[in-house]
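So you can see what is in the structure, the chains are spelled out below.
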Amino acid sequence: DWTAASYVETSVRELKEKLGDDKVLLGLSGGVDSSVAAMLLHRAIGGNLVCIFVDMGLLRKDEFESVMESYQGMGLNVIGVRAGDKFLADLRGVTDPERKRKIIGRDFIEVFDAEAIKLKDIKWLAQGTIYPDVIESISSGGPSVTIKSHHNVGGLPEKMNLKIVEPLRLLFKDEVRRIGRELEVPEKILSRHPFPGPGLGIRILGEVTAERVRILQEADKIFIDGLREWDLYNKVWQAGVMLLPVQSVGVMGDERTYESCVALRAVASTDGMTADWVHLPYEFLAKVSNDIINKVRGINRVVYDISSKPPATIEWE
Ligand code: XMP
């Protein structure tokens, strides 16, 4: 019968045999899968695992620092790359969702590769692929309509001619979490909501600018911290805030305002393929809405997204 402890033991033994003294490169995203894959490999080959964590400038507020700290606490050898300026420059003036996704995906690979090329003697590229990703890529092999071009961590430096190792390839998400617990990956990482590869870039409808990233990060922090404080975070599969390309009239004191609007989104789901909007308590929504409008300069209106998937997707872009 399957236990996390026995899986880890077998898997560590197999990885040791397969990898020997080779050096392995892994792209970390701050998410569950890549973090657990890293810890499993670290258990097997220690310092021969080198990780790269790219900050695209599109993470949640303070997330880069907080995740880097967790990774260092886990003993991982991780190179943090701050590349926000490049992404912002390349996204200037772009409003089309698919163009945004393509630019972010391409820039990510460029930054990752530029860093990877500097490393010596790397033989393997490790990926945090899990079983549902394997299934998805097999079943989406035929011609079909692209709803969203997906982006994930793991640009492949072709010049480096790397072999691929995917230690979580046969596991489902709940199994990955159990193995993560066994490996003492911090609960903060294991219980994290899913977060899209392109980050806040696809939650900022319209142009992505430094100022709009700041506005969204602040609103998002109030919403997510609020969910934690009200003990709702773990009851929701995924939550986030969308910054809309809409301004509306408001009044603040005696002044007329004409500022941005955000939409809060919180969904229940098991796999992200379908999702229902969550009936968050009115008192909670009222508190979050007040806090956002009072504290975040540039927002004067908050709405709640009550659409389910299908037909509405979880992310707005
Ligand atoms: P949608 O918006 O298609 O999202 O209903 C379903 C789930 O996938 C996440 N998502 C992504 N994850 N790269 C990812 O790794 C991506 O490009 C991407 N786009 C959407 C989304 O957050 C939700 O959990």
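Rules used throughout
- Throughout this description, residue numbers start from 1 for each chain and increase along the sequence as written.
- Only residues with pLDDT of at least 70 are given local features in this predicted model, and only at 80 or more are side-chain atom pairs given and counted; all residues enter the totals for whole chains, interfaces and linings.
- UniProt positions are given in the numbering used here, feature names are shortened, and annotations may be inferred rather than shown by experiment.
- Buried, partly exposed and exposed are defined by the number of other C-beta atoms within 10 Å of a residue's own C-beta, namely 20 or more, between the two limits, and 12 or fewer respectively, with C-beta atoms placed from the backbone.
- Strands here are runs of E lasting at least two residues and helices are runs of H or I lasting at least four, both read from the DSSP assignment and numbered beginning at the N terminus.
- Here is how to tell: hold the view so the strands point away, follow the path from the first strand over the helix to the second, and if it runs clockwise the crossover is right-handed.
- Any two strands with at least two DSSP bridges between them are considered paired.
- Buried Ala, Val, Leu, Ile, Met, Phe, Trp, Tyr and Cys residues form a nonpolar core when they are connected through C-beta atoms within 7 Å.
- What counts as a domain boundary in this text is fixed by an automatic or database domain assignment.
- Contact criterion: two residues are in contact if their C-beta atoms, reconstructed from the backbone, are within 7 Å.
- Each axis is a line fitted through C-alpha atoms, taken for helices only over the stretch in contact, and angles between the N-to-C directions span 0 to 180 degrees.
- Each residue gets one of three labels, nonpolar for Ala, Val, Leu, Ile, Met, Phe, Trp, Tyr, Cys and Pro, charged for Asp, Glu, Lys and Arg, and polar for the others, Gly among them.

Labelled according to an unreviewed UniProt entry, the protein chain appears under the name GMP synthase [glutamine-hydrolyzing], originating from Mucinivorans hirudinis. According to the UniProt record, the Function (unreviewed entry) comment for the protein chain is "Catalyzes the synthesis of GMP from XMP." Regarding the protein chain, the UniProt comment filed under Catalytic activity (unreviewed entry) reads as follows: "XMP + L-glutamine + ATP + H2O = GMP + L-glutamate + AMP + diphosphate + 2 H(+)".

S.K.: Can you break down the pairing of strand 2 (residues 49-55) residue by residue, with the values?
M.R.: By the criterion of burial, strand 2 is predominantly enclosed, with six of the seven residues buried. At this point the chain moves from strand 1 (residues 23-28), through helix 2 (residues 32-45), to the parallel strand 2, and the crossover so formed is right-handed. Relative to strand 3 (residues 78-82), strand 2 runs parallel, the two sharing five bridges. Its bridge partner lying in strand 3, Cys 51 is registered against Val 78. In this fold, the crossover linking strand 2 to strand 3 by way of helix 3 (residues 63-73) has right-handed handedness.

S.K.: Please set out the nonpolar core residue by residue, giving values where relevant.
M.R.: Nonpolar side chains in soluble globular proteins tend to end up buried together. Of all hydrophobic cores here, the largest spans 72 residues; its most connected members are Val 24, Leu 26, Leu 41, Ala 219 and Val 262. Formed jointly, this core draws a minimum of three residues from each of two domains, domain 1 (4-190) and domain 2 (203-304). Contact partners of Val 262, with chain neighbours within four places excluded, come to Ala 219, Val 241, Met 242, Leu 243, Leu 244, Ile 292, Ile 299 and Val 302.

S.K.: Would you mind going over the UniProt feature "binding site: ATP" (unreviewed entry) in the protein chain in detail, with residue names and values included?
M.R.: The positions UniProt marks with the feature "binding site: ATP" (unreviewed entry) are Ser 29, Gly 30, Gly 31, Val 32, Asp 33, Ser 34 and Ser 35. Tracing the sequence through the fold places Gly 31 in the loop between strand 1 and helix 2. Gly 31 gets classed as partly exposed once you count the C-beta atoms within 10 Å, which come to 18. Beyond its immediate chain neighbours, meaning those up to four positions away, Gly 31 contacts Arg 192 and Phe 195. Residue position: Ser 35 is located in helix 2. Note on Ser 35: 28 C-beta atoms within 10 Å, which makes it buried. Setting aside anything within four residues of it in sequence, one finds Ser 35 in contact with Leu 28, Gly 180, Val 185 and Ile 189.

S.K.: Describe the sheet that holds strand 1, and please don't skip the residues or the numbers.
M.R.: The five strands are arranged 3-2-1-4-5 in an open sheet whose pairing can be described as parallel. On the outer flanks of this sheet lie strand 3 and strand 5 (163-165), each paired with one strand and no other. Neighbour-to-neighbour, the strand axes of this sheet turn through a mean angle of 30 degrees, independent of strand direction. Two elements, strand 1 and strand 2, share five bridges in a ladder whose sense is parallel. Residue Val 24 lies in a different strand from strand 2, and its bridge partner there is Leu 49. Contacts between helix 3 and the sheet are confined to strand 1, strand 2 and strand 3, with strand 3 contributing the most and set at about 170 degrees to the helix.

S.K.: Just give me the short version of the domain arrangement of the protein chain, but keep the residues and values in it.
M.R.: As assigned here, the protein chain comprises domain 1 (4-190) and domain 2 (203-304). Each of domain 1 and domain 2 was reduced to a C-alpha centroid, and the two centroids are 28 Å apart. Each side of the interface is counted separately: domain 1 has ten residues, and domain 2 has ten residues. Class assignment for the residues of the side of domain 1 that touches domain 2 results in five nonpolar, three polar and two charged.

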